[in-house]
Amino acid sequence: MVIFNNMAAMSALNETNRNNNKLGKVVKQAASGMRINSAGDDASGYSISERMRVKIRALGQCKENSAKGQDLIDTASAAVDQQVNIMKQVKTIALRATDSTYTDADRGNLQKELSQLLDQSEDIANTQFNGISLLNQKMVSETIKWFDADAPYKVNKNNIPVLKQAASGDYYVPQGEYVEITHSSVLYEHRNTPGMPLTVMPAAGYLVYDAAGTVHTVYQDSSGCYRFDNDSGAQIEVHGVANPPGSSNVGTSTNVYDGILPQIASPDTMLHVGDIVSDTPYYPGKSYQVVTNPFTGKLSYFNTDTFNDYSYITEVDLSDLRNAIANVPEDLDGLGFSFDCGGCDQFVTIAFDASTSASNLYEGESRNPHPLCYVIGVKDVDDTDFEKSLGEIIFNGVNAVTQGAKGNSLPSSTDTSTTLADRHTIKLNYYADTGKLSITKKDSNLALIMKNGLMGEMKEDVGYKPEQNLYLHTDDKSSRNVKVSLPNTTLSMLFPAASSCWDIDPKEVDYPEEWPKGYDTLNDAEKKAKWKEEVWQYPNRKVKLDVDQCVSNRERANDFLADVDQAIKYLLNANTTLGAESSRLDYTQDNIVVMQENTTAAESVQRDADIAKVAMEQAKYNFLQQASQSMLAQANQTPNGVLSLLQ
């Protein structure tokens, strides 16, 4: 027996403390009604319960968002409904004004009423909800890049030499064309002055003159004598001596003259660059210097006398461009070259666009014929073979927008051409053997002038959709929201001007894949026009609306009546959309309520206390606490017995 360490008392004390702690938790559960009052009660259960509580609160806010959003949409819908009512009256007035039983004075009174109605419709379009404008907003739908071919000519920035030969100023393209010298060409070496007496016996096949100036072909008879090919077959004499060859030259008379020399049978071996040739067998033949055609690389002569078939040709020389810019393709953007057709004063421009690989053709409205501009997408220009790559892209871009699938894209194994301008037959030509490009012009005796710059200017227009998108957060997750679209119902949209920036014209993807019944007999353009008028939700573009003149006379009223019908169609379509969006939010709110109820039920199972069970455990721990306290009291009596042994 011991008195220092009373183990029975210690054990009873520990049980008493444990029972007190358990009784305290049970009492707390009974008092709060919750099984979990802190993370220590049930760590995983606490986490699950708190997440559910967050969701329950979030769903409550989502329901509120949906209800407010529905109020906003209903406000917009009611406003549009009033505009529909106004347009009904506007149509009634327009119908009156188109009737011949009304005078212009009557129409003046009708115009006053109609103007007030239209002004009221515009006021309604300014309706707000909580400071938010509902029916007069717009949003950017696209940025449209286009080329204003009517803008005045400007040289390239920093005078960058896109076209080498025009870098220092206007370049007048040479008149003429390269004629290839072949074995079948009627060409003769021009070594002497035509018409001089021969000093050497000509050979068979030579074309020569006799004393009368008649042209003959020399032939050799069976005896070896050279004769003229005329009826007499007169022998040819040189210095008073007839032939055959080998006769000594004696005397002073001659009857043959060197006006024409023999045809060149093998130009590749007989001719060299710099030689002089003639293009006709008839005196006095025109002389040309032999050159190498810069495009084909073949021996040729440049013929400047095309007998009224006027021709001009120049190379698209891009050889200096790469060294003048730092970055490809970025620094090509906005550069280009132009040419002016002297035959009709038509400007044609080649402009580069580094933002795209596509090419487009734009036509101006000034002058006659209109200026043209090919905007060539140079996004894919290869910097490792810059000049060749850019040349191919220029040709393919022009060819694609003028010829489409019919054209020949480069590289090609054969020479090919594509038309730049129909008048005076201006073409862009590709030469397969050398990979060079040229521009040629036919059918005009007026110059083709090349310029190192652009006739016109790249511009951007912003297209707007007549609507605004609002987002109602109807879910507790980020970016999970409902998009609602509110239409623009201002007069500028109900009666859009032809020049307005509204993006309301149907695109190819907007037309149906299968046309409705009744379209069978129409061609494609008629189908699109009919569908746009009957189905397309946006109004047709017209001349800008004048609210003070639209029914001032019968003709205007008649035109305006069709516009009103389109405006009503647009408003009805817009209000139908608003109604569908409002109806959707009814279902959204119902769904949120169900989610909120189910989540609350799940959270209750996780966290709420079972009061019956809590009461039972409370009774149990009360009894255990009393028992442990009694045992502690008895254990504390044990040292008294030990003390009795020491007395």
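What you see is a predicted model, and the numbers here were worked out from it, not measured in a lab. (Residues numbered from 1 in each chain as written. Predicted model: local features only at pLDDT ≥ 70, side-chain atom pairs only at ≥ 80, totals over all residues. Heavy atoms only, no water.)

(A) Helix α7 (residues 524-534), seen in detail. If you check which residues of α7 are buried, you get Lys 527, Lys 528 and Trp 531. In a view along the axis of α7, the buried residues occupy a sector of 95 degrees, so they form one face of it. Turned more than 90 degrees from where α7 packs its buried face, Ala 525 and Glu 533 sit exposed. Capping the start of α7, Asn 523 holds a side-chain oxygen 3.2 Å from the backbone nitrogen of Ala 525, two or three residues further along. (Buried < 20%, exposed > 50% of the residue type's maximum accessible area, 1.4 Å probe, protein only. Helix = DSSP H or I, 4+ residues; strand = E, 2+ residues; numbered from the N terminus. Arc of directions from axis to C-beta. Polar contact = N/O pair within 3.5 Å; in protein donor to acceptor, adjacent residues only side chain to side chain.)

(B) A look at the sheet that holds strand β15 (residues 291-292). Read from one edge of the open sheet, three strands run β5-β16-β15, paired in antiparallel fashion. The open sheet has two edge strands with one neighbour each: β5 (177-180) and β15. Judged from the two bridges that link them, β15 and strand β16 (residues 299-303) form a sheet pairing that is antiparallel. Across the sheet, residue Val 291 finds its bridge partner in β16, namely Ser 300. (Pairing = 2+ DSSP bridges.)

(C) Structural view of helix α1 (residues 7-32). Its 26 residues give α1 an end-to-end C-alpha distance of 38 Å, which sits within 8% of 38 Å, the value for a rise of 1.5 Å per residue. Where α1 is concerned, the buried positions are Ala 9, Ala 12, Thr 16, Asn 19, Leu 23, Val 26 and Gln 29. Contact partners of the buried residues in α1: α9 (611-635). Gly 33, located one to two residues past α1, shows a positive phi value of around 80 degrees. (Expected span 1.5 Å × (residues − 1). Contact = heavy atoms within 4.5 Å.)

(D) Structural context of the nonpolar core. Met 87, Val 90, Leu 114, Leu 118, Leu 494, Phe 495 and Phe 560 are the most contacted members of the largest nonpolar core, which has 49 residues in total. Going through the elements one at a time, α2 (43-98), α3 (104-124), β27 (467-472), β28 (482-487), α6 (491-494) and α8 (554-607) are the ones with two or more residues in this core. Among the elements that line this core, the one with the most residues is α2, at 12 residues. With sequence-adjacent residues up to four places away left out, Leu 494 is seen in contact with Met 87, Ser 121, Thr 489, Pro 539, Ala 567, Tyr 570 and Leu 571. (Core = buried A, V, L, I, M, F, W, Y, C linked by side-chain atoms within 4.5 Å.)

Honestly, that's just the spatial picture; any functional story needs more than this.
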